[in-house]
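Notes for the structure review
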Amino acid sequence: MHNTSFFKKILLIATVALFYSCDKEFNSIGDDIIGDSNFELEAEDYNVTAYNQKVTPTASNNLPINALGIYDNPVFGLTTANFNTQVALASYGPTLGEGAVIDSVTLNVPYFHHLDPEQTSTTGSTAYILDSIYGPKSGLIKLSVYESGIYLNNYNANSYDISKFYNTDRNDDFQAKAQALGVRLNDRTTKIEKDGSVSNDASENDEFFFNSKEIKETTPKTETAAEVIKRIKPEMRLHLNKDFFKAKIFDAPASKLASDDVFKNYFRGLYFKVEKTTAINTEGKPISGTMAMMKFSEGKINIFYKAKTAITTDAETVMESKTLVINLTGNTVSLLKEESSSPTSDDYYTSAATNDVTPDEKLYLKGGQGSMAVIELFDKTDLGRYKDDGTWETTPNGVYDELDEIRNNVTSKRWLANEANLVFTIDSQKMASLIGTDPTTAARQPGRIYLYDLTNNTILSDYSADRSTSLNGDAKKSRTVFNGLLNIDPTTKIGTYKIRITNHIRNLIKNTDVTNVKLGLVVTESIDITASSKLDKTVPSTISEIPTASVMSPLGTVLYGSNLPEDDAKRVKLKIYYTKPN
């Protein structure tokens, strides 16, 4: 019992020490901590310089997620997202069997989706809602799939090699090479109805849409087996040309199917071409396009065929069903075309210069080959410095006077910097723009923006310190302390983004040798992806890289910048919360 009491005391002491240590780390700048109640929490605002930068063609190799389709944004214009991928046999050196005859070929790529909570069924079916769909739900596109004509080299992002650099604006090259090889592969234009009749059907090509319906496959009952119903979650399912795959795969020399490198040079993959559909709605107007985020790496080509059985006792006419699988794996490239959809798209955005560093009234953040904002903290005035005794002298020291003042307040006046945030206000009026009068065309607001160290193309210390997990299982909503999430005030309906940079500011205060780096601000498709994609060096630009998650996103937003009156509440601001002695 004495030993138990002793260990309890040790545990209590350790716990107290731990909480003291955590409290000290959270509240302190240097070695100072809040020791009594004679303190008040006050906010101070500081100047920020913010300006736009156009994003020039950027590497779009091997993105984790790729856009496919057409998205007409009334602010940022028209984005057309095409795609090219390598393919790989699931098993090399396949034994196809004797007398093989192809029944059908399908291309299957699963969609991002979640269950529809408002739909219930008593028949066993499940209702789904597709995620990451941009544009009208009823939107259509013209989709064509071709054999790729370009061999995708392995690209090393750390060593720029133009021969292996596949960027966002090279669609014309891929399209020309693909179409030169032959007709499109998704050429099915009819379908068989339940009653056995045949009807016209352009849903797999000229009038393609992202279908959220569950796919139901039924195997009829036989004398020896009951009916089997297979239910498949929503996916892109295209029937491809059988003759092409007979010639390309079944009639190919065995050596072409023997290894991965040989096969990928022989069959260079698939090119997905997207165009506006010629279909019209009931009012006689063209049907708008739509876009989806796709995880093509989970896609596959299934070749269903029959061949003679390998059982020697079977008759010559006995055939067995087989499947040859080709996976959509290997190198990929996202091919984006950005263009004005005048007169609705913003003139400033579409005409902005690449290397303009003039402070802007509004900041245009657009994913893909779009635009970003550069953020510079503090007013750039440098008229003097504070001496060790806290007095001011008019001797410039290469440090902005605002930062000098903050450091003096902390060291001489014992102010404690508890929290620091950058707050951006959305231009709600601009983002409410429509194409014509159609309310379904309103610009989709990005759910999140991302701030990073632009000077060194790396994460901020606040990002790495935030280990918070996702909200409600949504992977896009992790790191909620660092933030950057869209917030809409329920009363005013004004939208803002707030990003916490407390550790970044503390480092600037404590360490005089730390550089006040430029910060980059972009939209992001995933807060967990921090890698960067290099820009094409042959196109002049003041930036050399852009966060990959921004290249992945088709969305954009307009924020108020720094070229506004200081008393304008919408002006971007750095707000630091201090604890000050009374």
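Residues numbered from 1 in each chain as written. Predicted model: local features only at pLDDT ≥ 70, side-chain atom pairs only at ≥ 80, totals over all residues. Heavy atoms only, no water.

**Overview of the overall build of the protein**
In terms of helices and strands, the protein carries 10 helices and 33 strands. Across the 582 residues that make up the protein, the buried fraction comes to 44%. Within the protein, counting contacts between residues at least 6 apart in sequence, those at least 24 apart form 76% of the total. Surface summary for the protein: the accessible area is close to 29,300 Å², and the carbon and sulfur share equals 50%. (Helix = DSSP H or I, 4+ residues; strand = E, 2+ residues; numbered from the N terminus. Buried < 20%, exposed > 50% of the residue type's maximum accessible area, 1.4 Å probe, protein only. Contact = heavy atoms within 4.5 Å. Areas by Shrake-Rupley, 256 points an atom, 1.4 Å probe, with all protein chains shown as cover.)

**Focus: empty space enclosed by the protein**
Taken as a whole, this structure holds 2 cavities of 30 Å³ or more when the rule is applied. The space that makes up the largest cavity amounts to roughly 60 Å³. Lining of the largest cavity is provided by 15 residues; of these, Ala-67, Leu-336, Val-551, Met-552 and Ser-553 occupy positions nearest its centre. Counted by class, the lining of the largest cavity contains 7 nonpolar, 6 polar and 2 charged residues. (1 Å grid on protein atoms, 1.4 Å probe; cavity = no way out; pocket = protein on both sides within 12 Å on 5 of 7 lines; lining within 4 Å. Points joined across faces, edges and corners; volume = space filled by probe spheres on them. Nonpolar A, V, L, I, M, F, W, Y, C, P; charged D, E, K, R; others polar.)

**What about the layout of surface pockets?**
By volume, the largest pocket amounts to about 1,700 Å³. Asn-211, Glu-214, Ile-215, Lys-216 and Arg-237 are, among the 39 residues lining the largest pocket, the residues nearest its centre. Of all the secondary structure elements, the ones that give two or more residues to the lining of the largest pocket are β6 (101-110), β8 (128-130), β11 (190-192), β13 (215-219), β14 (228-232), β15 (235-239) and β18 (300-308). Among the residues making up the lining of the largest pocket, the classes are represented as 13 nonpolar, 12 polar and 14 charged. Counted as a void, the second largest pocket has a volume near 1,100 Å³. Leu-130, Asp-131, Ser-132, Ile-133 and Arg-444 are, among the 42 residues lining the second largest pocket, the residues nearest its centre. Put simply, the parts of the chain that give the lining of the second largest pocket at least two residues each are β8 and β9 (133-134). The element contributing the most residues to the lining of the second largest pocket is β8, with 3 residues.

**Describing the side chain of Ser-132**
Secondary-structure assignment places Ser-132 in the loop between β8 and β9. Ser-132 has contacts with Met-291, Ala-292, Met-293, Lys-476 and Glu-525, leaving out every residue within four places of it along the chain.

**Considering helix α6 (residues 401-411)**
Where burial is concerned, most of α6 is hidden: 9 out of the 11 residues are buried. For α6, the complete set of buried residues consists of Asp-401, Glu-402, Leu-403, Asp-404, Ile-406, Arg-407, Asn-408, Asn-409 and Val-410.

**Examining the sheet that holds β18**
Strand order in the open sheet formed by 5 strands is β5-β19-β18-β6-β15, and the pairing between neighbours is antiparallel. For this open sheet the edge positions go to β5 (88-89) and β15, each flanked by a neighbour on one side alone. Note that β6 and β15 share 5 bridges and pair antiparallel. For Thr-106, the partnering residue across the bridge sits in β15 and is His-239. Helix α3 (residues 242-250) rests against β6, β18 and β19 (319-327) of the sheet, and its axis sits at about 100° to β6. (Pairing = 2+ DSSP bridges. Axes fitted to C-alpha atoms, helices over the stretch in contact; angles between N-to-C directions.)

**Observations regarding the environment of Ile-280**
Here Ile-280 shows up in the loop between β16 (270-275) and β17 (291-294). Along the backbone, Ile-280 and Leu-140 are 140 residues apart, and their C-alpha atoms lie at a distance of 9.8 Å. Setting aside anything within four residues of it in sequence, one finds Ile-280 in contact with Lys-285, Pro-286 and Ile-287.

**Looking at the confidence of the model for the protein**
Per-residue confidence for the protein gives a mean pLDDT of 87, with 88% of residues at or over 70. This model gives residues 1-37 a pLDDT under 50, and the stretch forms 24 contacts once residues within four places in sequence are excluded. (pLDDT = per-residue confidence, 0-100.)

**Some words on the packing of aromatic side chains**
Counted under the stated rule, the structure contains 21 aromatic pairs. Here the aromatic rings of Phe-244 and Phe-245 are separated by 4.9 Å at their centres, their planes lie at 85°, and the arrangement is edge-to-face. Residue classification places Phe-244 among the buried residues on the basis of a relative accessible area of 16%. Owing to a relative accessible area of 0%, Phe-245 belongs among the buried residues under this scheme. Here the aromatic rings of Phe-245 and Phe-267 are separated by 6.3 Å at their centres, their planes lie at 75°, and the arrangement is edge-to-face. Within this pair, whereas Phe-245 is found in helix α3, its partner Phe-267 is found in the loop between α4 (260-266) and β16, the two being separated by 22 residues in sequence. Here the aromatic cluster, defined as three or more aromatic residues joined through ring pairs, consists of Tyr-92, Phe-244, Phe-245, Phe-263 and Phe-267. The lysine or arginine in question, Lys-570, covers the ring of Tyr-560, its NZ or CZ lying 5.3 Å from the ring centre. (Phe/Tyr/Trp six-rings, centres within 6.5 Å; stacked < 30°, edge-to-face > 60°. Lys NZ or Arg CZ within 6 Å of the ring centre and 35° of its normal.)

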